[in-house]
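As a plain string of letters, each chain reads:
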Amino acid sequence: MKSKLIVFTFTVLALTARSQIRAAEEPTPLEIAMDTMLDQVKAVKKALDPNVDLSKFPELVDKAILGQKAAKDALFLVPPFTADQPEDQQALFLASYKKSIALLIVTWIDLEVALRNKDGEGAKAAFQTLMDQKVAGHGTFQPPHP
Ligand code: HEM
């Protein structure tokens, strides 16, 4: 009886630990939004690099819209790095983050317009702006790499 109780206790402990590990690994809503944008970026890049493939533009419009929606999801989420800012700077940090994400939404829309117009140069320019905004956004709103 005693050994059954011990086995039962260990099983419960193991299951609890496993579900806690799983919860820790689950992506946050902000990570999901960012990963969704990355998927769209990868798909669009294939049609622009190394050569512009105008025939792919119509099917990429949906990707540009998904990018807009993911950026919209990110708009009112809070980057974890906010908590590392001095307390009296956190609201400003967050406002600055929101502005950067709002500008990112506009760039996704610029990309949609260029794709719909079959404007290769416009699409390349919008894509480059997305990449620049990504680098700048990560530089400011993510903790510096160790
Ligand atoms: C098209 C542009 C962008 C792409 C493709 C992109 C992609 C990503 C990816 C793949 C991650 C890692 C997510 C994960 O850990 O699962 C990430 C994290 C993050 N990105 Fe972006 N990003 C973009 C633009 C931006 C911009 C403009 C900002 C800020 C204004 C930003 C802020 C962040 C932050 C704060 C994190 C950390 C999230 C967290 O740890 O919870 N990103 N991004």
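Worth saying up front: this structure is predicted, and the values here are computed from it rather than measured.

## Points about the overall build of the chain
- Scanning the chain for helices and strands turns up 5 helices and 0 strands.
- Start at the N end of the chain and walk to the C end: the helices and strands fall as α-α-α-α-α.
- A separation of at least 24 residues holds for 68% of the contacts in the chain among residues at least 6 apart in sequence.

## Observations regarding the site of the ligand
- As a structural note, the neighbourhood of the ligand is formed by 22 residues, with E31, M34, P79, S100 and G137 the closest of them.
- Of all elements in the fold, only helix 2 (29–48), helix 4 (90–116) and helix 5 (120–141) reach the threshold of two or more residues within the shell around the ligand.
- Ranked by residue count, the leading element in the shell around the ligand is helix 2, at 7 residues.
- Looking at the shell around the ligand residue by residue, the classes come out as 13 nonpolar, 6 polar and 3 charged.

## Here's the deal with the nonpolar core
- Membership of the largest hydrophobic core comes to 22 residues, with the highest contact counts inside it found for A71, L111 and L115.
- Elements with a contribution of two residues or more to this core: helix 2, helix 3 (57–75), helix 4 and helix 5.
- Examining the composition of this core, we find that 7 residues originate from one element, helix 4, more than from any other.
- Residues contacting L115, with those up to four places away along its chain left out, are F57, L60, V61, A64 and A123.

## Some details on the packing of helix 2 against helix 3
- In the contact formed by helix 2 and helix 3, the axes pass within 9 Å of each other and the chain directions differ by 160°. Classified by the interaxial angle, the pair formed by helix 2 and helix 3 is roughly antiparallel. Here helix 2 and helix 3 pass one another in a crossing that is left-handed. Listed contacts from helix 3 to P29, L30, A33, M34, T36, M37, Q40, A43, V44 and A47 of helix 2 are F57, L60, K63, L66, G67, A70, A71, D73 and A74.
- Looking at the contact of helix 2 with helix 3, its residues break down into 14 nonpolar, 3 polar and 2 charged.

## Structural notes on helix 5
- Taking 1.5 Å per residue, 22 residues should reach 32 Å; helix 5 reaches 31 Å between its end C-alpha atoms and fits that length.
- What helix 5 keeps buried is the set A123, A126, F127 and L130. Along helix 5, the residues classed as buried sweep out an arc of 100° about the axis, all on the same side. Among the exposed residues of helix 5, those pointing more than 90 degrees away from its buried face are E121, Q128, D132, V135, A136 and G139.
- Contacts from the buried residues of helix 5 go to helix 2 and helix 4.

## Quick notes on helix 4
- Here helix 4 contains 27 residues, and its C-alpha end-to-end distance of 39 Å stays within 8% of the 39 Å for a straight helix at 1.5 Å per residue.
- On the buried face of helix 4, the contacting elements are helix 2, helix 3 and helix 5.
- Within two residues after helix 4, K118 carries a phi angle of roughly 50°, on the positive side.

## A closer look at the environment of A123
- Its place among the elements puts A123 in helix 5.
- With 10 residues separating them in the primary sequence, A123 and V113 have C-alpha atoms 8.3 Å apart.
- The residues touching A123, leaving out its near neighbours within four places in the chain, are L48, L111, A114 and L115.

Cut-offs used in this document
- Residues numbered from 1 in each chain as written.
- Predicted model: local features only at pLDDT ≥ 70, side-chain atom pairs only at ≥ 80, totals over all residues.
- Helix = DSSP H or I, 4+ residues; strand = E, 2+ residues; numbered from the N terminus.
- Contact = placed C-beta atoms within 7 Å.
- Near = placed C-beta within 6 Å.
- Nonpolar A, V, L, I, M, F, W, Y, C, P; charged D, E, K, R; others polar.
- Core = buried A, V, L, I, M, F, W, Y, C linked by C-beta atoms within 7 Å.
- Buried ≥ 20, exposed ≤ 12 C-beta atoms within 10 Å, placed from the backbone.
- Axes fitted to C-alpha atoms, helices over the stretch in contact; angles between N-to-C directions.
- Parallel < 35°, antiparallel > 145°, perpendicular 65-115°, else oblique.
- Left-handed = near helix turned anticlockwise from the far one by under 90°.
- Expected span 1.5 Å × (residues − 1).
- Arc of directions from axis to C-beta.

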